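# Structure assessment
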Amino acid sequence: MSRLFGTDGVRGLANADLTVEIAVSLSSAAASVLAQQSQPPSSGRPLAVVGRDPRASGEMLEAAVTAGLTAAGVDVLLVGVLPTPAVAYLTADYDAALGVMISASHNPMPDNGIKIFGPGGRKLSDATEDAIEAVVLAGEVPRPTGSRIGRVSVATDAGARYLQHLSTAIDASLEGVTVVVDCAHGAASAAAPAAYAAAGATVIAINNEPTGLNINDGCGSTHLSALQDAVVKYGADVGLAHDGDADRCLAVDERGRVVDGDAIMAIMAIAMNEAGELVDNTLVATVMSNLGLHLAMKDADITVRTTGVGDRYVLEELRNGGYSLGGEQSGHIVLPDFGTTGDGLLTGLRIMARMAQTKKSLSELGSVLTVLPQVLINVPVTDKSAATGHITVRAAVADAEQSLGECGRVLLRPSGTEQLVRVMVEASTAEHAQTVAEELAAAVSAV
């Protein structure tokens, strides 16, 4: 059996790969492992917070997760359709032993997933995931009876608590800022317009009518054209795009141009550095961030620490170093002072607050970063580990790096799921990047 947990929880085609049976056993196993890490309330039963995005299969999986948790002796607090970062925050705010978010993020509607948070709303370590998976495979979870069986209740104040939390993240009023927000027909459909309006912005919401079947369908952070058109049409100051569970945010400036996660991190890092909020003048980013971000941060006297791909590695580095800002090019931005995971709504608020404070347009703020042309080639190989470590490949990489100098970079990364090596090259011109990438791809293919 392959590992149950992927890079962000358990995910697959709902009712085929991710079945009711898996949801029941996974939630029971998580309860048995995580309940030991927190103090139970006066009832003697641990508490779990359960939320979901609006996709249709979420109703089925919510019932299965609830059954698994209560069967393991855990009380369940249903918070309904809310963003993933809201579930993480509420897990801590309700002092729960664990939180469960049912969502497949930016994946298409037929998929779904189960994300589990530990005490304090923190993402799970590899060791904790392994412990939960071991319980699932063993199939041995204690089954309490009588008064020790978990109970189910509905949180009527969950959304209000989360919105109140978001309101503490900015000092400036957003009055005078007009924003178009693409909610992806997802978990942000109610929360994002409410949060932005409460902060004073004039809000135009699009793709905010979830049916359970239309989440991420040609909209949201993976399909930005509708948002770009809307920003220009309405003459808005900024566009914000969330994914299905709203843990990421990408932006569009007043001209309709995309402002990606690297540019957002640059804007936020400079703002926090000026305010004395950027711990050790350090930003945490993954190896996939464009070299342009590194050059912009060097000019601003800000250090960039790089991690592997995935927000869990960003979170790990933030915790280990006590840093205050990190994120990914995809728009997962983490502010540890305000949350334990990426929060698209929080990111949107901070972007607009910077605009309001500086009286500058988003295009002007984003101009601190010049994105270097990037070329990515996927090279099929027989053994991805052997290919990346081969002496001729290492020599080709060394030659490429010498050719690029400080104005470019090379990244060879084995695929996590396929026998592929991803060759990524950035250079000062697209032609140079393409030439170097093709030369490296040929070297990888030849071994």
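For the structure given in this document, a descriptive report is provided here. Source: prediction; values computed, not measured.

What follows deals with the environment of E426. Mapped onto the elements of the fold, E426 is located in strand 18 (residues 420-426). In terms of polar contacts, E426 uses its side chain to reach the side chain of N290, at 3.2 Å. At 2.9 Å, the side chain of E426 forms a polar contact with the side chain of R409.

Moving on, we get to the nonpolar core. Y196, M297 and L345 are the most contacted members of the largest nonpolar core, which totals 68 residues. Element by element, the count of residues in this core is highest for helix 8 (residues 261-274), at nine residues. Not counting residues up to four positions away in its chain, the partners in contact with L345 are Y162, L166, A188, A191, A192, A195, Y196, H242 and A246. In this structure, L26, L61, V65 and L78 belong to the second largest nonpolar core, which totals 32 residues.

In spatial order, the strands read 16-18-17; together these three strands make up an open sheet with antiparallel pairing. The open sheet terminates on both sides in strands that have one partner only, identified here as strand 16 (374-380) and strand 17 (409-414). The mean inter-strand angle of the sheet, taken between neighbouring strand axes irrespective of direction, is 15 degrees. Bridge count between strand 17 and strand 18: six bridges; the pairing is antiparallel. Bridged to P414 within strand 18 is V421.

Next up on the list: the packing of aromatic side chains. The full count for this structure, using the stated rule, is zero aromatic pairs. Lying over the aromatic face of Y313, R312 brings its terminal NZ or CZ to 6.0 Å of the ring centre.

Under the criterion given, the structure shown has one cavity of 30 Å³ or more. Roughly 30 Å³ of internal volume is contained in the largest cavity. Lining the largest cavity are M288, L376, L411, R413, R422 and M424. Secondary structure elements with two or more residues in the lining of the largest cavity: strand 17 and strand 18. Taken together, the residues of the lining of the largest cavity sort by class into four nonpolar, no polar and two charged.

This brings us to the pairing of strand 8 (residues 202-206). Pairing geometry for strand 7 (residues 178-182) and strand 8, over five bridges, is parallel. Paired with V181 across the two strands is A205, which belongs to strand 8. In terms of handedness, the path from strand 7 via helix 6 (residues 188-198) over to strand 8 forms a crossover that is right-handed.

The subject of this paragraph is the side chain of E129. Within the fold, E129 resides in helix 4 (residues 126-138). Judged by relative accessible area, E129 falls into the buried class, the value being 5%. When neighbours within four sequence positions are excluded, E129 is seen to be in contact with R3, F5, L124 and R312.

Once that is clear, we can look at helix 10 (residues 311-321). Along helix 10, the residues classified as buried are D311, R312, V314, L315, E317 and L318. On its buried face, helix 10 sits against helix 4, strand 12 (282-286), strand 13 (303-307), strand 14 (326-327) and strand 15 (333-334).

Take the environment of D157 next. In this fold, D157 is placed in the loop between strand 6 (152-154) and helix 5 (158-167). Taking the relative accessible area as the measure of exposure, D157 reaches 29% and is therefore partly exposed. Along the primary structure D157 and V79 are separated by 78 residues, whereas in three dimensions their C-alpha atoms are 8.3 Å apart. For D157, the side chain forms a polar contact with the side chain of R161, separated by 2.8 Å.

Thresholds applied
Residues numbered from 1 in each chain as written. Predicted model: local features only at pLDDT ≥ 70, side-chain atom pairs only at ≥ 80, totals over all residues. Heavy atoms only, no water. Helix = DSSP H or I, 4+ residues; strand = E, 2+ residues; numbered from the N terminus. Polar contact = N/O pair within 3.5 Å; in protein donor to acceptor, adjacent residues only side chain to side chain. Core = buried A, V, L, I, M, F, W, Y, C linked by side-chain atoms within 4.5 Å. Buried < 20%, exposed > 50% of the residue type's maximum accessible area, 1.4 Å probe, protein only. Contact = heavy atoms within 4.5 Å. Pairing = 2+ DSSP bridges. Axes fitted to C-alpha atoms, helices over the stretch in contact; angles between N-to-C directions. Phe/Tyr/Trp six-rings, centres within 6.5 Å; stacked < 30°, edge-to-face > 60°. Lys NZ or Arg CZ within 6 Å of the ring centre and 35° of its normal. 1 Å grid on protein atoms, 1.4 Å probe; cavity = no way out; pocket = protein on both sides within 12 Å on 5 of 7 lines; lining within 4 Å. Points joined across faces, edges and corners; volume = space filled by probe spheres on them. Nonpolar A, V, L, I, M, F, W, Y, C, P; charged D, E, K, R; others polar. Right-handed = clockwise from strand over helix to strand, strands pointing away.

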